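If you want the building blocks of each chain, they are given just below.
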8 protein chains.
Amino acid sequence: MNEETIRALLESVHQGSCSPDKALHQLKDLPFENLDFARLDHHRALRTGQAEVIFCQGKQPDHIISILKHLGRKAENVLATRLDPHHAETILPHFPEAYYDQQAHCLLLRPLKEPAIPGKILIMTAGTADLSVAQEAWLTARYMGHDVDTLFDVGVAGIHRLLGQRQLMDRAEVIIVVAGMEGALASVVGGLVEQPVIAVPTSVGYGAHFQGLAALLSMLNSCASGIGVVNIDNGFGAASLASAIVRRITRDR
Amino acid sequence: MNEETIRALLESVHQGSCSPDKALHQLKDLPFENLDFARLDHHRALRTGQAEVIFCQGKQPDHIISILKHLGRKAENVLATRLDPHHAETILPHFPEAYYDQQAHCLLLRPLKEPAIPGKILIMTAGTADLSVAQEAWLTARYMGHDVDTLFDVGVAGIHRLLGQRQLMDRAEVIIVVAGMEGALASVVGGLVEQPVIAVPTSVGYGAHFQGLAALLSMLNSCASGIGVVNIDNGFGAASLASAIVRRITRDR
Amino acid sequence: MNEETIRALLESVHQGSCSPDKALHQLKDLPFENLDFARLDHHRALRTGQAEVIFCQGKQPDHIISILKHLGRKAENVLATRLDPHHAETILPHFPEAYYDQQAHCLLLRPLKEPAIPGKILIMTAGTADLSVAQEAWLTARYMGHDVDTLFDVGVAGIHRLLGQRQLMDRAEVIIVVAGMEGALASVVGGLVEQPVIAVPTSVGYGAHFQGLAALLSMLNSCASGIGVVNIDNGFGAASLASAIVRRITRDR
Amino acid sequence: MNEETIRALLESVHQGSCSPDKALHQLKDLPFENLDFARLDHHRALRTGQAEVIFCQGKQPDHIISILKHLGRKAENVLATRLDPHHAETILPHFPEAYYDQQAHCLLLRPLKEPAIPGKILIMTAGTADLSVAQEAWLTARYMGHDVDTLFDVGVAGIHRLLGQRQLMDRAEVIIVVAGMEGALASVVGGLVEQPVIAVPTSVGYGAHFQGLAALLSMLNSCASGIGVVNIDNGFGAASLASAIVRRITRDR
Amino acid sequence: MNEETIRALLESVHQGSCSPDKALHQLKDLPFENLDFARLDHHRALRTGQAEVIFCQGKQPDHIISILKHLGRKAENVLATRLDPHHAETILPHFPEAYYDQQAHCLLLRPLKEPAIPGKILIMTAGTADLSVAQEAWLTARYMGHDVDTLFDVGVAGIHRLLGQRQLMDRAEVIIVVAGMEGALASVVGGLVEQPVIAVPTSVGYGAHFQGLAALLSMLNSCASGIGVVNIDNGFGAASLASAIVRRITRDR
Amino acid sequence: MNEETIRALLESVHQGSCSPDKALHQLKDLPFENLDFARLDHHRALRTGQAEVIFCQGKQPDHIISILKHLGRKAENVLATRLDPHHAETILPHFPEAYYDQQAHCLLLRPLKEPAIPGKILIMTAGTADLSVAQEAWLTARYMGHDVDTLFDVGVAGIHRLLGQRQLMDRAEVIIVVAGMEGALASVVGGLVEQPVIAVPTSVGYGAHFQGLAALLSMLNSCASGIGVVNIDNGFGAASLASAIVRRITRDR
Amino acid sequence: MNEETIRALLESVHQGSCSPDKALHQLKDLPFENLDFARLDHHRALRTGQAEVIFCQGKQPDHIISILKHLGRKAENVLATRLDPHHAETILPHFPEAYYDQQAHCLLLRPLKEPAIPGKILIMTAGTADLSVAQEAWLTARYMGHDVDTLFDVGVAGIHRLLGQRQLMDRAEVIIVVAGMEGALASVVGGLVEQPVIAVPTSVGYGAHFQGLAALLSMLNSCASGIGVVNIDNGFGAASLASAIVRRITRDR
Amino acid sequence: MNEETIRALLESVHQGSCSPDKALHQLKDLPFENLDFARLDHHRALRTGQAEVIFCQGKQPDHIISILKHLGRKAENVLATRLDPHHAETILPHFPEAYYDQQAHCLLLRPLKEPAIPGKILIMTAGTADLSVAQEAWLTARYMGHDVDTLFDVGVAGIHRLLGQRQLMDRAEVIIVVAGMEGALASVVGGLVEQPVIAVPTSVGYGAHFQGLAALLSMLNSCASGIGVVNIDNGFGAASLASAIVRRITRDR
């Protein structure tokens, strides 16, 4: 709801082409659709530059189906994250084009398209147990139109595996580091590169890992600067931030 | 220590212009300077694109003076963060050009120059009590060559103060949101803009704030996506990440 | 057991119409019923103005049935909260009029009546995943005789959805804000309205949400004043407090 | 910025008595004053029904003086909370009418007036060590125009001290319970009365009290319903909520 | 292994009735039985005055059976606590006299005898959801030979239920208070009686109860003195401590 | 306010020797004295068998002086705990007989008397750094009339220091174990003796000790049964519990 | 990748026997094998002296099978830890020689060999419920070629069980102490022996044990020095450290 | 008190050269000295192979002086750790040979001797702010007779500083890694070497570092195996463990 819109609206009121009541209505009639249990925000793409995503955790399957249908009518594609496999089974038959990714726990309403936005995002993981979170990030970034490289299982306990991959890092615009346990990979990468680094702590670990707390604190306290941290296991959030950065970087290309 | 350097070195060994011993020495003689108690990393600017910064907390004044002197010889300017006012008094007389910022608790070895890098960084705070952290971010960003806008005291308890400032937000490449208490400003800004948002929780609050934990958790769990979080009160870290993003964005301009 | 009662009792002892032993008995024979494993408190409605509610978590189905039967004899209706769906299946056949709400995990012994107490309570949620807690609050408020409005899915990541609903807020006597994740909705609402706001953090979130801790701390540290917080997911408690406030407000109407 | 104001503004645009530009200006020129480091919100009293309060923690004395002067010009009185005694000494000479309360750590710009709003607020404490927080609540409530009763040192370890004070409780519209240690007073009072109860955990305690965490958790988990909790030591917040409730209750009297 | 035993042993060595080697053997041959995976401590009853108890959590059924058999040969009776119902089904057929208590999750190898030790233990609970822990305490106390009274569902939200039961409290030697939620019952009882009070926090609650942490902290911070706290849900530990106290009290009767 | 008192009062009303109004007054006029900021509970000694104690933390010196004077008029002696040395200096001149213990941070209004109650309490510490807490326990126990033995610096890292002291343990009725660091002494003592053991975790430690949390959790999870735990550093609470037990044990002697 | 290797490589470049390109390749071609989802580190044995181990938690069965096959080709044996029994059932049929240990949740690709490295490791447990973790340590140590003694169920509640086993302790080079609950065994053993002690906290306990936190903090705060702590339930890590120490000790024998 | 000693004693009783009473006395007269407030353990050096160390935190200066005097009479040298500079000033005049290390906060009763035990200990730090803890470790190790190398400021944000120091690592028997912030250095070193690694988290950091918790959790969750962790800032403990390992390694040289 920016200044220009309001100014235009006011001008039309001034010129008599729009009544005060109608203008009031327009000022109030914000661009969301009311499903009673949910208010769909069709203009978010315009406002924040991001596409429609449904966070499914805690939502009932029939609600998800209803939201998917409404969003699907206006949006090119829809991504549903944190979707339980059992719920996916209930939901999939309603959407013939939809695809459910077992590892990422995500559903796509329609097939992915080829990357449309220049600039690569690199997704790295410390171990193979971090793959599920990395896959959520991969799917989100690809869904948002980005080109994604991956580099898996390069944790710091065998640091030569990482040092040999300088080229892959150099050609990325942004690097997402997904790591559980002590999450040290974020610090090592952050100290090697000049790109922005997005760190995703994962809940991979046991005992005093406290479901990701150890990796989260580790990343927040990184001795390398230039690192932004997202929530534990939040592959989606990391890809969203990466997307915002890359879209900004490549706006003028 | 990139591939090209090694290849060139190996070529000169191959051509006999460099002995194996000398090459070995070069491979080992990494670009840091040993002060015995500290190893100065002069090439970090080359490697990560960032200038020299000294984190002073826990360091003794004579160590800081020594590091400042060594770095000052090779770098254009040096920033010292988390410098205690009492230590600053001891240190300042050794460096006639230096300036100590009481609010940011930072020292600059030489005066700031005009912004050299295109693209604005916007620093917002929720309240006036967050100014100290915002100032650390401001000084860091300016020291790294950036142009910075500020928008202070626009917390969500009076959300109209924020909504009236859409233009300032629109012209920034990256937005840093500094907020204590419940840190809700990050979510509101994150839901309004398409730029990357960097959230800095501050330790401003009391009781169940637990020295910034409340704001930190709040920002990590933001319902708006595209937000990267740094450590509590870490204005320096936020500016470093903003700098990495803006330098990337404006590389080709 | 107020002063007047005691005074009357003492008067009747003084006048000989009541023996000391009998008076002692009355002073001791407080208005609860002993089921051996539970002491039912029939006079709570008189004392705190609230109706009978059974908190079922941790109770065995046969105990719940027994309590429902005893309470049901003297009370107009009974609400059972936190009732497991499996236990509900066991319990329902014993009470032909009873109704079990799947979303709220609550059982009502008899049908709800029309709202009897003037003054509206507004229940808002940040997302659709908070609906289960909101429904517990709704059922409780309605059971206690109140008129309830709802406004769902108006989280701060799309703040225009909220700002367009000023009228609904204005006509409520008390507002209950149900929110998970960073719980910022409570602060934004608290900054907009003059009514008392009751904030209910929910356990909706993941990772560093720590089962509702993030939202709880956020709400306790709200930069808006005039907000009372209840336990995580405690829709019942929020409605009870709202009821106490509204009954007080509308006492004289 | 309610609907009526916008409608009136739009009408005047429609009738030509106000130009679109001027209307735009008014829509943007929100009622706050910009001090550069702070944005004063003069209309908060209109919007949330509450008077001007400055939270001083983390603010510098000269900033506080400046804010007090600006607010003091338009508001009848100003309350400054969490004001350090040393800062108070610096600030007081600038305001001849001002008064600093040592126990509450609060400053009032001008003397308190007689209570103007009908309806009593009762402030209870469990111990004498909770008096500082209770005094902040008392001052805030009185500053907001309320009539306040107090009942101190009635903790549950000597429960007869409490039970003998039924009358004081009965005549209050709202009860604020201030308690440290295990905070059990809130539960006992909540089980005795029908009024809304606002619980303020204090940091009074030691060892496993963890600066108020024990009392906070205790109050959030109260077995009595109808209790709203505010932040640890937040006497101001409790009084604000009490004020919102009482103003609502007594609106029509 | 007290002084007298050693002195007697040394005397017999001195007198030649016991060889040094044999004495050494006796000094080393401490009274436990080695099952390879477990070392049974038959003399614990002598040493600490307590009977044999098996803590079953984390033990495999065949290990439990083996331990029960070995202990059962020398001890009059054996109590097994924290025994999973599924494991109980596997174990019961091996011991015809054994009895499994579903609520307490305990198994007794042989039937309980009449109380042999004078002096009553009173077990109180705040709610009916605390019964499972109370039952573990009851069974343990009875197994150790004590006479036990019970008083259930007397939580502080209806404090008159408690105040009417002064007699039961007065006739106990020790009082065990079992309470979840905010655990305030311990403080209220501790302020009313002169007997030692043992407080057992239970994990009954939700949200910010954090599996019993709220009740635990509450009890540790009780404003009433003379209260000893045991681990969350540790009915067994409470009864053991009560037993140690009562045996001490009634030693000379 | 026990049954007999009420019955007697009612009888006198019945017989006309006491008017209903006077009886009501007596029922309400509970035995505490109102100092406005504090309600002194003179009958606590009767009710819980314990003497008057003032917890000074958070109280102002003039309040403490006032309470000491009022309590001192009716009680034989008064103990003030957690009294800051600086406050003690202010307070001591008002009470010529008073004594301040620097190590225990306690003040006694009048000199200690010889132990009047049979039965020994043994206070053990793991290290010399625990002496301050042990001294608070010692003073409290002696003030309450008990005979106290001490055994200091017998931590488990040199377990032979402990095993050689069996006799001291054997002659105590109750054992208080004061320990910081990992608090293992409580478990070792608990496994050796048949007496009740009261464990006091101290805040002695650093790093991951978290101000006593490590020792507290350790003691709550002791593998030895029959141990009651009090708050961190709570020497007073431990002695109060020990006193309640010993008075019970020796009632009939 | 040590200095000698690089020097030799450079020499061969200098002598022309190796081209620069080939040398570059070798410098980059580090000794791991890329399975796309995992990078196998065959040279870890050379680098850290330890054999190949797969941490299976969070990995999918087909990934584990693939890794086992690749590692199995080059390594003498492979150990897979934290392997779920259900996954084990899927995996075992692919490897005829493999063995799955139900208690340790570990799989060995081929049978264990006789201990090859001199020097004993002693594994002690406090209780029988710690056996699962102890077994993981035992299997790991044996797999790494060590000779292992065990001493189970010697917790400090019956400290004589421990004191009688001095000989077993004396003949070990390193002692691993596995303990849950309050973990006091580590301190007692640490105070008795001169060998390095490795402490493994286990998650055995309940209530305020917080899944091993109590034992972990206890061991980190041990009053005995010379103790190294590993993560909760980390039997593998303890054995790895023990192995590193013993291999170092017995290098020259 | 090993088996041989007891056997010899028993033999002498058998032969009559020692009376039972005298033997009993010897068995009880364990080798510690009672200072009333402390029990000095002169034989600890024999038992655990470690020299006398006084942990001064929480001890009063006169107690420390007294302990130093008693230990100083029998031991060759004494180390006092965690000694406050102010206390050091009070204590130093009593001991002419003593030396106080400002950085390590340690006092040595007499000058250090040349290293007597073969085998090097390497102490590494991540930053210069960790030097204080490293110095405590250095002093302890040297006091215990070891040869120590140091490698400071080699944190992972500039990993080439570390990789160039392979030789120093290779020649150590044990490596102590001291690191604050995210503590990642421990993992990187652990993945590079075959020696045992002892990790010391430091409290260097801010915000979400929580006084060392972040580094502690990070080290406990290291993806590299073979790492033993000690308490936060516990340089002394790390050196003690290193000493135990090195003495074991070099016993036979």
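Per-chain numbering applies: the sequence of each chain, read as written, is numbered from 1 onward. Working convention: letters from A go to chains and numbers from 1 go to ligands, in the order in which they are written. The model is predicted, so local features are restricted to residues of pLDDT at least 70 and side-chain atom pairs to those at 80 or more, both for listing and for counting; the totals for chains, interfaces and linings are taken over all residues. Side-chain numbers come from the whole structure's heavy atoms, not from hydrogens or water.

Per an unreviewed UniProt entry, chain A is named NCAIR mutase-like protein, and its organism is Desulfosporosinus youngiae DSM 17734.

**What to know about the overall build of chain A**
Runs of H or I in DSSP of at least four residues are treated as helices and runs of E of at least two as strands, each being numbered from the N terminus. In terms of helices and strands, chain A carries eleven helices and eleven strands. The cut-offs for exposure are 20% and 50% of the maximum accessible area for each residue type, with area from a 1.4 Å probe on protein chains only; residues under the lower value are buried, those over the upper are exposed, and the others partly exposed. Burial status across chain A gives 68% buried among its 253 residues. Contacts: residue pairs with any heavy atoms within 4.5 Å of one another. Within chain A, counting contacts between residues at least 6 apart in sequence, those at least 24 apart form 68% of the total. Accessible area for chain A stands at about 8,700 Å²; split by element, carbon and sulfur atoms hold 50% of it. Shrake-Rupley sampling with a 1.4 Å probe provides the accessible areas, and residues are treated as covered by the protein chains on show and by no other component.

**Remarks on helix α11 (residues 235–249) of chain G**
Each residue after the first adds 1.5 Å to the expected span of a helix. With 15 residues, α11 of chain G ought to run about 21 Å at 1.5 Å a step, and its terminal C-alpha atoms sit 21 Å apart, in line with that. Extensive coverage of α11 of chain G is indicated by the burial of 15 of its 15 residues.

**Focus on the relation of the copies chain G and chain H**
Here chain G sits on chain H after a turn of 180° about the axis and a move of 0.0 Å along it, with an RMSD of 0.0 Å. Both chain copies can therefore be described as sitting about a two-fold axis. Mapped onto chain H, 100% of the interface residues of chain G are again interface residues, and the two copies thus contact each other with one and the same surface. Copies are brought into register by a least-squares superposition over C-alpha atoms of residues with pLDDT of at least 70 in both.

**Some details on the packing of aromatic side chains**
When two rings of Phe, Tyr or Trp (its six-membered ring) have centres within 6.5 Å they constitute a pair, described as stacked for plane angles under 30 degrees, edge-to-face for angles over 60, and tilted for the intermediate range. Under the defined criterion, the tally for this structure stands at eight aromatic pairs over all chains. Arranged with centres 5.7 Å apart and planes meeting at 35°, the rings of Tyr 206 of chain D and Phe 55 of chain F form a pair that is tilted. With Tyr 206 of chain D in the loop between β10 (197–201) and α10 (213–220) and Phe 55 of chain F in strand β3 (residues 53–55), this pair bridges two chains. Any Lys NZ or Arg CZ that is within 6 Å of a ring centre and within 35 degrees of that ring's normal is treated as a charge sitting over the ring. Over the ring of Tyr 206 of chain E we find Arg 82 of chain C; its NZ or CZ atom is 3.8 Å from the centre of that ring.

**Side note on the sheet that holds strand β4 (residues 79–81) of chain D**
Residues and elements named next belong to chain D. An order of β3-β4-β6-β5 is seen for the four strands of this open sheet, with the pairing classed as mixed. At either margin of the open sheet sits one strand with a lone partner, and together these are β3 (53–55) and β5 (99–101). Averaged over all pairs of adjacent strands, the angle between strand axes in this sheet comes to 20°, irrespective of strand direction. Here, strands pair whenever DSSP counts at least two bridges between them. The pairing of β5 with strand β6 (residues 106–108) spans three bridges and is classified as antiparallel. Among the inter-strand pairings, Tyr 99 is bridged to a residue of β6, identified as Leu 108. Geometry is summarised by axes, namely lines fitted to C-alpha atoms with helices restricted to the contacting stretch, and by angles between N-to-C directions that run from 0 to 180 degrees.

**Looking at the domain arrangement of chain A**
All names here are of chain A. The source of the domain bounds is an automatic or database domain assignment. Here chain A is described as being made up of domain 1 (30–108) and domain 2 (117–250). At the interface, 16 residues of domain 1 touch 13 residues of domain 2. When a carboxyl oxygen of Asp or Glu lies within 4 Å of a side-chain nitrogen of Lys or Arg, that pair is called a salt bridge. The tally of links between domain 1 and domain 2 comes to one salt bridge. When the shortest N-O distance is used, the salt bridge between Glu 136 and Arg 82 registers 3.4 Å. Side-chain atoms alone can form a polar contact between residues adjacent in sequence; in general such a contact is a pair of N or O atoms within 3.5 Å, and within protein one must be able to donate a hydrogen while the other accepts it. Linking domain 1 to domain 2 there are five residue pairs in polar contact (both at pLDDT 80 or more). Counting only elements with at least two residues in the side of domain 1 that touches domain 2, the list comes to β4 (79–81) and β6 (106–108). Each residue gets one of three labels, nonpolar for Ala, Val, Leu, Ile, Met, Phe, Trp, Tyr, Cys and Pro, charged for Asp, Glu, Lys and Arg, and polar for the others, Gly among them. Class assignment of the residues belonging to the side of domain 1 that touches domain 2 gives a composition of seven nonpolar, six polar and three charged.

**Description of the environment of Glu 52 of chain C**
If you trace the backbone, Glu 52 of chain C turns up in the loop between α3 (44–48) and β3 (53–55). As a C-alpha pair, Glu 52 of chain C and Ala 80 of chain C span 28 residues in sequence and 8.7 Å in three-dimensional space.

**Remarks on the pairing of strand β9 (residues 174–179) of chain D**
All names here are of chain D. The buried fraction of β9 is high, at six of six residues. Side chains Val 174, Ile 176 and Val 178 project from β9 onto one buried face, and the interleaved Ile 175, Val 177 and Ala 179 project onto a second face that is buried too. Judged from the five bridges that link them, strand β7 (residues 120–125) and β9 form a sheet pairing that is parallel. Note that in β9 the partner of Thr 125 across the bridge is Val 178. Here β9 pairs with β10 via five bridges, running parallel. Residue pairing for β10: Val 177 is matched across the bridge by Ala 199. Here, the term right-handed applies to a crossover whose path from the first strand over the helix to the second runs clockwise when the strands point away from the viewer. Read from β9 through helix α9 (residues 185–192) to β10, the crossover connection turns out right-handed.

**Some thoughts on the interface of chain G and chain H**
Taken together, the 40 residues of chain G in the interface contact 40 residues of chain H. Accessible area that two parts lose when put together, with a 1.4 Å probe and added across both, is what the buried area reports. A combined buried area of about 3,100 Å² lies between chain G and chain H, and 48% of that area is made up of carbon and sulfur atoms. At the boundary of chain G and chain H, one finds four salt bridges. We note a salt bridge from Glu 194 of chain H to Arg 248 of chain G, for which the minimum N-O separation is 3.7 Å. At the boundary of chain G and chain H, one finds seven residue pairs in polar contact (both at pLDDT 80 or more). When residues of the side of chain G that touches chain H are traced back to their parent elements, those giving at least two are α3 (44–48), α8 (166–170), α9 (185–192), α10 (213–220), β11 (227–229) and α11 of chain G. It is α11 of chain G that contributes the most residues to the side of chain G that touches chain H, nine residues altogether. Across the side of chain G that touches chain H, the residue classes tally to 15 nonpolar, 14 polar and eleven charged.

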